[in-house]
Amino acid sequence: MEPSHYSYLKKGLTSSNAKKFTGDPTDDNESEAIIGPLLDLLKRGDEEIILRNEFKNVVMVLGNTGSGKSAFVQWIAGDNSKLVATEVAEKSGEFIIEDNDRIGDSTIKSKTVFPELITDIGTDTAFYDCPGFSDTRSTSHDIATTYFIKTVLDYVESTKLIFIINYPSVRKGVERQDFMKLVRHVTDLVKDVDKFRNSIAIDGSIAIFLQEVKRDLEDRARFKNAMVHEKEFYASATKLIDALLEKEGERYLKLGLFRRPDEPGLLSDIALLQEEKMHVKFILNETLNFAKKKDDDFGYTVSENSKIDICNLVEEINRSVWCDASNMAEKIQKYCRDLVEEIITNIRSLITNKGSIERNLSEAKYFHLRLATRIR
């Protein structure tokens, strides 16, 4: 990974006073619990995230933590004859995808920490399997992952965005919290949904659910008491859903489906999964366009809890900076007072002893140098 802003951030957070934000040991421990792991993650990210000049047009695979992004990327870009559906426990009916010859470095079952570059050998399409939104492990992980995603987006020239959502989160009549969390993150990340309208798709057969959410958002936007920032969110979210619900006749163009396996065996032998894979590839390669992006097209997105922690951390850093500045000012004032007193003393000495002045050129030059240096 090329040099980033990490080195500048590190300088600010590892200064001599970075560990003494307040006089409260509890606050100090909480700050250290964020800063230490965060710096470690940023350093590892600089070393592990792969950015290549030959892959400037990329597909970003995004979603909440645990939504199945890694499994999706392996399914869509990998060799399905090497992917095996294995039952989690005997007679559980729940299957996971395993691959001993997996593209990339991490395992499908692990939580992605860094955006991982994976290429589809058949089409030479570059995918980034991105860490999940609202990483629940810690504030440090949450901050680092959004920084890593933004780093990749800043590097590439154009992108397609694929959002992954668990089907249980979007069934009719279920709680919408997980989906709305995804929508908030997407609208924070993508500043202008209209610009990327033809570059956005979602994995999930959820048209009816999306229509219900859209109606609810439109109703909420009409509330007179709605805050300005909430109205802005409702407008962006509605645009996002409109983009996903684009149709040609009776067919939705941007809604794909990646089913969890419901039987053991090679994925290449499961006919339904292979049919759906062809449909999703058609969406990726034929329906969506790579959208050219600018540096300010994307923002950072973190959870509400992390936003609170960040605000607290910023306040503590500001207090530390002001404390250092105050200490520095006191030292400068003391030095100036001492220097002025020394000047006055020497002048008085010259006046009272003008009859017997001994000229000491070296001392005069030294005194002049000190005075001139401090004045500058």
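This section reports on the structure supplied with the text. (Residues numbered from 1 in each chain as written. Predicted model: local features only at pLDDT ≥ 70, side-chain atom pairs only at ≥ 80, totals over all residues. Heavy atoms only, no water.)

In spatial order, the strands read β3-β2-β11; together these three strands make up an open sheet with antiparallel pairing. Looking at the sheet topology across the chains shown, the edges are occupied by β3 (95-98) and β11 (265-266). Across two bridges, the pairing between strand β2 (residues 84-87) and β11 is antiparallel. Within the sheet, the bridge partner assigned to V84 lies in β11 and is L266. (Pairing = 2+ DSSP bridges. Helix = DSSP H or I, 4+ residues; strand = E, 2+ residues; numbered from the N terminus.)

Turning our attention to the packing of helix α6 (residues 207-221) against helix α7 (residues 228-244). When two helices pack together, their arrangement is captured by the angle between the axes and the distance separating the axes. It is the contact of α6 with α7, at a shortest axis distance of 9 Å, that shows an interaxial angle of 155 degrees. Classified by the angle their axes make, α6 and α7 are roughly antiparallel. Read as a crossing pair, α6 and α7 show a hand that is left-handed. Residues L210, V213, K214, L217, E218, R220 and A221 of α6 lie in contact with α7, whose contacting residues are K231, F233, Y234, A237, T238, I241, D242 and L244. For the contact of α6 with α7, the residue count by class is nine nonpolar, one polar and five charged. (Axes fitted to C-alpha atoms, helices over the stretch in contact; angles between N-to-C directions. Parallel < 35°, antiparallel > 145°, perpendicular 65-115°, else oblique. Left-handed = near helix turned anticlockwise from the far one by under 90°. Contact = heavy atoms within 4.5 Å. Nonpolar A, V, L, I, M, F, W, Y, C, P; charged D, E, K, R; others polar.)

Let us look at the nonpolar core. Core analysis: the largest hydrophobic core is formed by 56 residues, its most contacted members being M60, L62, F163, F179, I202, L210 and L255. Top contributing element to this core by residue count: helix α4 (residues 139-155), with eight residues. Of all hydrophobic cores here, the second largest spans 24 residues; its members include A77, I164, I270 and I283. (Core = buried A, V, L, I, M, F, W, Y, C linked by side-chain atoms within 4.5 Å. Buried < 20%, exposed > 50% of the residue type's maximum accessible area, 1.4 Å probe, protein only.)

Taken as a whole and judged by the stated rule, the model has 16 salt bridges. With a shortest N-O distance of 3.4 Å, K239 and D194 are connected by a salt bridge. Of the two residues, K239 is situated in helix α7 and D194 in the loop between α5 (177-189) and β7 (200-203); the sequence distance between them amounts to 45 residues. Here K239 falls in the partly exposed class, since its relative accessible area comes to 38%. With a relative accessible area of 40%, D194 lands in the partly exposed category. Of the charged contacts in the structure, one is a salt bridge between E248 and R251, with a shortest N-O distance of 3.1 Å. Several salt bridges converge on common partners, so that one network encompasses R176, E212, D216 and R220. (Salt bridge = Lys/Arg side-chain N within 4 Å of Asp/Glu carboxyl O.)

It is worth spelling out the packing of helix α3 (residues 69-77) against helix α8 (residues 271-287) at this point. In the contact formed by α3 and α8, the axes pass within 10 Å of each other and the chain directions differ by 90 degrees. One finds that α3 runs roughly perpendicular with respect to α8. Between α3 and α8, the residues in contact are F72, W75 and I76 and L273, E276, K277, V280, K281 and L284, respectively.

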